[in-house]
Amino acid sequence: MGNTNVLQEFSNATAAAVEQASQAVVALNSRRHMLTAGVHWREGLIVTANHAVRREGEIQALLPDGRTAAATLVGRDPSTDLALLRAPSAGLGLPVMGDPAALKVGNIVLAVGRVETGPRASMGVVGVAGGAWKTWQGGQIDQLIRLGFELHPTLSGGMLADAAGRCLGISTTGLSRSLGVAIPATTVNRVASLLLEKGRIPRGYLGVGLWPVEIPASLQSRLALPEQRGLIVQHVEAGGSAEKAGILMGDILVRLNSKPVTGIRELQSLLSAEVVGTSAKAAVIRAGALVELDILIAERAS
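Thresholds applied
- Residues numbered from 1 in each chain as written.
- Predicted model: local features only at pLDDT ≥ 70, side-chain atom pairs only at ≥ 80, totals over all residues.
- Heavy atoms only, no water.
- Helix = DSSP H or I, 4+ residues; strand = E, 2+ residues; numbered from the N terminus.
- Contact = heavy atoms within 4.5 Å.
- Areas by Shrake-Rupley, 256 points an atom, 1.4 Å probe, with all protein chains shown as cover.
- Lys, Arg positive; Asp, Glu negative; His and termini not counted.
- Charge placed at Lys NZ, Arg CZ, Asp CG, Glu CD.
- Salt bridge = Lys/Arg side-chain N within 4 Å of Asp/Glu carboxyl O.
- Pairing = 2+ DSSP bridges.
- Axes fitted to C-alpha atoms, helices over the stretch in contact; angles between N-to-C directions.
- 1 Å grid on protein atoms, 1.4 Å probe; cavity = no way out; pocket = protein on both sides within 12 Å on 5 of 7 lines; lining within 4 Å.
- Points joined across faces, edges and corners; volume = space filled by probe spheres on them.
- Nonpolar A, V, L, I, M, F, W, Y, C, P; charged D, E, K, R; others polar.
- Expected span 1.5 Å × (residues − 1).
- Buried < 20%, exposed > 50% of the residue type's maximum accessible area, 1.4 Å probe, protein only.

(A) Quick look at the overall build of the protein chain. A count of helical and extended segments in the protein chain gives five helices and 22 strands. Dimensions of the protein chain along its principal axes, counting C-alpha atoms only, are 80 × 45 × 30 Å. Sequence separation of at least 24 residues holds for 59% of the intrachain contacts in the protein chain that already meet a minimum separation of 6. Looking at the protein chain as shown, the accessible area adds up to about 14,100 Å², and 54% of this sits on carbon and sulfur atoms. Each charge class in the protein chain can be summarised by its mean position, and for the 28 positive and 24 negative side chains these summaries are 3 Å apart.

Encoded structure:
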């Protein structure tokens with residue numbers, strides 16, 4: 001009898017947590033043949049998964065009270081798989097925020113979305129928890145939260161909540177080939193603020209075409225280089241930052257602001273929104289010597 005009561009209490013607590021979380025969760029007709037989820041993140045602003053937003057025009061949002069409201073796209077960031085929509089906030093609650101940084105492997109979490117009949121939820125545990133990571137498109141995610149359970153497509157873009165119904169971030173299937181991950185609230189806040197301000201996420205641009213190359217061991221030794229690889233300049237854009245800085249075809253870029261550049265992904269990770277418009281120190285190998293050049297990091301065209 002005691003065990004039955006414990007299970008019933010747990011069941012009731014889980015249902016209450018979903019009910020609380022769902023007050024800030026909407027359903028969106030942002031792709032064909034299937035609803036996706038979104039979270040009323042700030043007053044009049046809905047966050048969802050970018051990969052699920054397949055239309056640029058008006059999107060209908062199904063609210064917790066059963067009404068529908070028109071939502072319009074403010075901006076999107078494919079690199080973090082986040083999109084920001086604007087919609088009337090009447091009838092929408094705001095999430096009670098939790099602390100994603102406190103998550104540990106094995107903690108119970110809830111993926112909460114919405115369908116025509118009401119809230120939809122799935123429960124499981126945190127499968128992997130770790131530090132900051134980069135997506136394959138160079139997006140900065142402040143914390144790794146890999147879910148230990150399968151995420152149904154209708155839950156992608158919805159809320160990841162803790163066992164008390166507090167919001168930890170946005171669940172998505174768009175950043176992993178296996179089980180879903182969650183984008184922590186810290187990342188969502190940062191990206192949402194940039195999208196609200198600019199309608200896009202600025203990306204740095206040097207104005208060069210690059211290709212990874214091995215640095216000969218003899219050259220490494222002579223220049224006391226820890227890097228075994230670099231990026232050889234195959235093209236310099238006329239009038240671009242690289243040309244103005246004096247970078248030449250055949251130069252091998254090995255560092256940017258003292259950070260190693262051994263591949264394209266490493267370089268992309270250094271060209272984040274925060275550095276656009278700033279000057280950087282580029283270290284290149286030229287004719288067997290190490291040369292440092294000042295280069296302005298421009299903004300990549302949309």
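Structure's up, so let's keep going.
(B) Main features of the pattern of salt bridges. All chains considered together, the criterion is met by nine salt bridges. A salt bridge links Asp-77 to Arg-203, with the shortest nitrogen-to-oxygen separation between them at 3.0 Å. Taken together, the residues Asp-77 in strand 5 (residues 68-77) and Arg-203 in the loop between helix 2 (185-198) and strand 15 (204-205) connect sequence positions 126 residues apart. Here Lys-281 and Asp-294 are joined by a salt bridge, their closest N and O atoms 3.0 Å apart. Highlighted residues: Lys-281 in strand 20 (residues 279-286) and Asp-294 in strand 21 (residues 289-296), separated in sequence by 13 residues.

(C) A look at the sheet that holds strand 6 (residues 82-86). With respect to topology, six strands assemble into a closed barrel ordered 1-2-3-6-5-4, the strand pairing being antiparallel. Across the sheet, the mean angle separating the axes of adjacent strands is 40 degrees when strand polarity is ignored. One ladder, built from four bridges, connects strand 1 (residues 25-28) with strand 2 (residues 36-42); its direction is antiparallel. When the sheet's bridge partners are listed, Leu-28 is paired in strand 2 with Thr-36. Against the sheet, helix 2 touches strand 2, strand 3 (45-49), strand 5 and strand 6, its axis set at about 55 degrees to strand 6.

(D) Up close: the side chain of Thr-80. Within the secondary structure, Thr-80 is located in the loop between strand 5 and strand 6. Apart from the residues within four sequence positions on either side, Thr-80 is in contact with Gly-139, Gln-140, Ile-141, Leu-175, Ile-183, Thr-187 and Val-191.

(E) Spatial organisation of empty space enclosed by the protein. Per the stated rule, a full pass over the model turns up one cavity of 30 Å³ or more. Here the largest cavity defines a volume of roughly 60 Å³. What lines the largest cavity is simply Leu-206, Val-208, Leu-210, Val-233, Ala-242, Ile-247, Leu-253, Leu-256, Ala-282, Val-284 and Ile-295. Counting only elements with at least two residues in the lining of the largest cavity, the list comes to strand 16 (208-214), strand 18 (252-256) and strand 20. Among the residues making up the lining of the largest cavity, the classes are represented as eleven nonpolar, no polar and no charged.

(F) How the structure looks around the environment of Ile-201. With respect to the helices and strands, the residue Ile-201 is situated in the loop between helix 2 and strand 15. Sequence-wise, Ile-201 and Ile-108 are 93 residues apart; in three dimensions their C-alpha atoms are separated by 33 Å. In this structure Ile-201 touches Asp-77, Val-191, Leu-194, Leu-195 and Ala-273, once residues within four positions along its chain are discounted.

(G) Broad picture of helix 2. Helix length check: helix 2 (14 residues) gives 20 Å between terminal C-alpha atoms against 20 Å at 1.5 Å per residue, within 8%. Buried within helix 2 are the following residues: Ala-185, Thr-187, Val-188, Val-191, Ala-192, Leu-194 and Leu-195. Positive backbone phi, approximately 80 degrees, marks Gly-199, located one or two places after helix 2.

(H) Seen up close, the pairing of strand 18. Of all five residues making up strand 18, five are buried, and the element is well covered by its neighbours. Judged from the two bridges that link them, strand 17 (residues 229-236) and strand 18 form a sheet pairing that is antiparallel. By the bridge assignment for strand 18, Leu-231 is matched with Leu-253. Taken together, the four bridges between strand 18 and strand 20 define a ladder with antiparallel strand orientation. From the neighbouring strand, Arg-255 faces strand 20, where its bridge partner is Ala-283. With two bridges connecting them, strand 18 and strand 19 (residues 259-260) associate as antiparallel partners. Each residue of the ladder has a partner; that of Leu-256, found in strand 19, is Lys-259. If you look at the hairpin formed by strand 18 and strand 19, you'll find two residues sitting between the two strands, and Asn-257 has a positive phi there, around 50 degrees.

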